[in-house]
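Residue-level structure breakdown
Here's the letter readout for the chains.
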Amino acid sequence: AKRLGLNKVQCFTSNLQTQLEKHLHVEKGLRRALEASQFELLLQPKWSLADCKVIGFEALLRWRSENDGLISPQDFIPVAEKTGLIVPVGEWVLRQTLAYLERWNELGLCQYGIAVNVSPLQLKSGQFVDMLQHLLQEMGIAGEGLEVEITEETLLDGYEEDPRVQRDLSRIRELGVKIAIDDFGTGYSSLRYLRQFPADIVKIDKSFVSADQEDLVEPEICRAVVTMAESLGMEVIAEGIETQQQRQQLMDLGCRVGQGYLVSPPVSFDEATRLLLVPAPD
Ligand code: C2E
Ligand code: CA
Ligand code: CA
Ligand code: CA
C-alpha cells in the first residue's frame, strides 16, 4: 500500500511538473506573440434569426504560434490571466477591434458594431475602463460601435467581492459602450440576478442551444431567459446555433438575434467585410 502511495505522489509531482513546464512554455510564447504580432482577431457574425442578415460581430482571438500552430483561447487565456499578460493582450484586442471599426467607418459601414470579450482579470486590474476611454478618444471612435461581453460568473464574483466592478460597469455604459452578459445560465446565479446587472444584452450560452442533436438542448431555459430579459428591456442573443430547427425554435420562443455555425464560424476581417459589402443571396 505504501508503494502504491509513493507511486501516486511521484505521479502527482511529475504531473505538476509537466503542467508547470507547459505553463512556462505558454507564458514565454505569449510574450513573444505580443512582440511578433502572432495574434489574430477573427469576427463571428451575429444575425437576425428571421432572415439571417448580419447585424454585428463578436471578436474572437486566435494565436498563431510558430511551433504549435493555431492555439485556441481556451488554452492560453488562463495562462495570460495567471501571469497578468491578459492586460497587454486585452489592450491589443481592443486596439485591433477599434482599428476594424475605423476601417468600416471609412467604408461607410458604420452601423455594424463589434463585441469584445473581457476577462475578469482585466476588470480587476482596475485599468480597463481608463484604457477603453483613452483608446476611444485616441482613435476618435464612438463608444456606440462597441460592446463588451462579460461572463455571468465574472459579474457575480465582482458584485460580491469588489464594489469597483459596479462602478466600472457604469462608466463603461457612460461611454456609450453596451454590456452583454456572456454564458448566461452557466453560473450559479438564478434568473433573478439579471435584474441586478446593469447590462443591455444577455447571451444564452451555447450549451442550452446546441449539442449532437438537431433540436434545442434546453428549450425551457431558453424560454425563461428570453421572457425575463424581455421584461427587463434587455436584448437576447442565442449563441451556438448550428441547425435550422434550433433557429426556428428560438424564433418561436421570441428570440430575435443569434450566432453560430449555421450562418458563419468566426472569419477574418476581410471575409467579414466582404459579407457586409456583398449581400447574401436569399
Ligand atoms: P465565448 O465568448 O463563449 O465564445 C463563443 C465560442 O463558441 C467561440 O469559441 C466560438 O468560436 C464558438 N462558437 C461559435 N459558434 C459556434 C457554434 O455554432 N457551435 C459551437 N459548438 N461553438 C461555436 P472560441 O473562439 O474558441 O473562444 C472560446 C472562448 O475564449 C470564448 O468563449 C471566450 O470566453 C474566450 N475568448 C475568445 N477571445 C477572447 C478575447 O479576445 N479575450 C478574452 N478575454 N477571452 C476570449
Ligand atoms: Ca463571448
Ligand atoms: Ca459565450
Ligand atoms: Ca464561453
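Below is a short write-up of the structure. (Residues numbered from 1 in each chain as written. Chains lettered and ligands numbered in written order. Predicted model: local features only at pLDDT ≥ 70, side-chain atom pairs only at ≥ 80, totals over all residues. Heavy atoms only, no water.)

**Observations concerning the coordination of the calcium ion (ligand 2)**
Looking at the metal site, the calcium ion (ligand 2) is ligated by Glu58 (OE), Asn117 (OD1), Glu149 (OE) and Asp182 (OD), spaced 2.2 to 2.3 Å from it. Mapping the donors of the calcium ion (ligand 2) onto the primary sequence yields the spacing E-x58-N-x31-E-x32-D. Between the calcium ion (ligand 2) and the calcium ion (ligand 3), the interatomic distance is 4.0 Å, and Asp182 donates to each metal, bridging them. One end of the pair, Glu58, is in strand β2 (residues 54-65); the other, Glu149, is in strand β5 (residues 146-151), and 91 residues separate them in sequence. Residue Glu58 is classed as buried on the basis of its relative accessible area of 5%. By relative accessible area, Glu149 is classed as buried at 1%. (Donors = N, O, S within 2.8 Å, 3.2 Å for Na, K, Ca; no water. Helix = DSSP H or I, 4+ residues; strand = E, 2+ residues; numbered from the N terminus. Buried < 20%, exposed > 50% of the residue type's maximum accessible area, 1.4 Å probe, protein only.)

**Section: the nonpolar core**
What tends to happen in soluble globular proteins is that the nonpolar side chains get buried as a cluster. Membership of the largest hydrophobic core comes to 77 residues, with the highest contact counts inside it found for Trp104 and Phe128. With near-sequence residues (within four places) excluded, Phe128 lies in contact with Leu94, Val118, Gln122, Leu123, Val148 and Ile172. (Core = buried A, V, L, I, M, F, W, Y, C linked by side-chain atoms within 4.5 Å. Contact = heavy atoms within 4.5 Å.)

**Topic: the packing of aromatic side chains**
Inspection of every chain in the model, using the stated rule, returns seven aromatic pairs. Taken together, a centroid distance of 5.6 Å and an interplanar angle of 90 degrees make the contact between Trp63 and Phe76 edge-to-face. Of this pair, Trp63 sits in strand β2 while Phe76 sits in helix α2 (residues 73-83), and the two are 13 residues apart along the sequence. Exposure class is identical for Trp63 and Phe76. Each is buried. With a centroid separation of 5.6 Å and an interplanar angle of 25 degrees, the aromatic rings of Trp104 and Phe269 are classed as stacked. (Phe/Tyr/Trp six-rings, centres within 6.5 Å; stacked < 30°, edge-to-face > 60°.)

**Topic: the coordination of the calcium ion (ligand 4)**
Those protein atoms acting as donors to the calcium ion (ligand 4) are Asp183 (OD) and Asp183 (OD), and they sit at 2.8 to 3.0 Å. Here the calcium ion (ligand 4) and the calcium ion (ligand 3) are spaced 3.8 Å apart, linked through Asp183, which binds each one. Positionally, Asp183 belongs in strand β6 (residues 178-184).

**Concerning helix α3 (residues 86-106)**
For α3, which comprises 21 residues, the first-to-last C-alpha distance of 30 Å matches the rise-based estimate of 30 Å (1.5 Å per residue) to within 8%. Ile86, Val89, Gly90, Trp92, Val93, Leu94, Thr97, Leu98, Tyr100, Leu101 and Trp104 are the residues of α3 that are buried. In the stretch just after α3, Gly108 is the one whose phi turns positive, near 80 degrees. (Expected span 1.5 Å × (residues − 1).)

**Some details on the site of ligand 1**
Around ligand 1 lies a shell of 22 residues, among which Gln44, Arg62, Asn117, Glu242 and Tyr261 are the nearest. When isolated, ligand 1 has an accessible area of 800 Å², and the protein chains bury 85% of it. Elements with a minimum of two residues in the shell around ligand 1: β2, α2 and β6. It is β2 that contributes the most residues to the shell around ligand 1, four residues altogether. Residues that form the shell around ligand 1 fall into these classes: eight nonpolar, seven polar and seven charged. (Near = heavy atom within 4 Å. Areas by Shrake-Rupley, 256 points an atom, 1.4 Å probe, with all protein chains shown as cover. Nonpolar A, V, L, I, M, F, W, Y, C, P; charged D, E, K, R; others polar.)

**Section: a nonpolar patch on the surface**
Together, Leu107, Leu277 and Val278 give the surface a local cluster of nonpolar side chains, amounting to about 260 Å² of exposed area. Along the chain, Leu107 turns up in the loop between α3 and β4 (113-117). Of the residues examined, Leu107 reaches a relative accessible area of 36% and is grouped as partly exposed. (Patch = residues over 30% accessible without salt bridge, like charges linked within 9 Å, V, L, I, M, F, W, Y side chains within 5 Å. Salt bridge = Lys/Arg side-chain N within 4 Å of Asp/Glu carboxyl O.)

**Topic: the state of the cysteines**
One pass over the full model with this rule turns up zero disulfides. As a non-bridged cysteine, Cys52 has Cys255 as the owner of its nearest cysteine sulfur, 13 Å distant. For Cys52, a relative accessible area of 27% puts it in the partly exposed group. (Disulfide = S-S within 2.5 Å.)

Everything listed here is a matter of geometry and, on its own, says nothing about what the molecule does.
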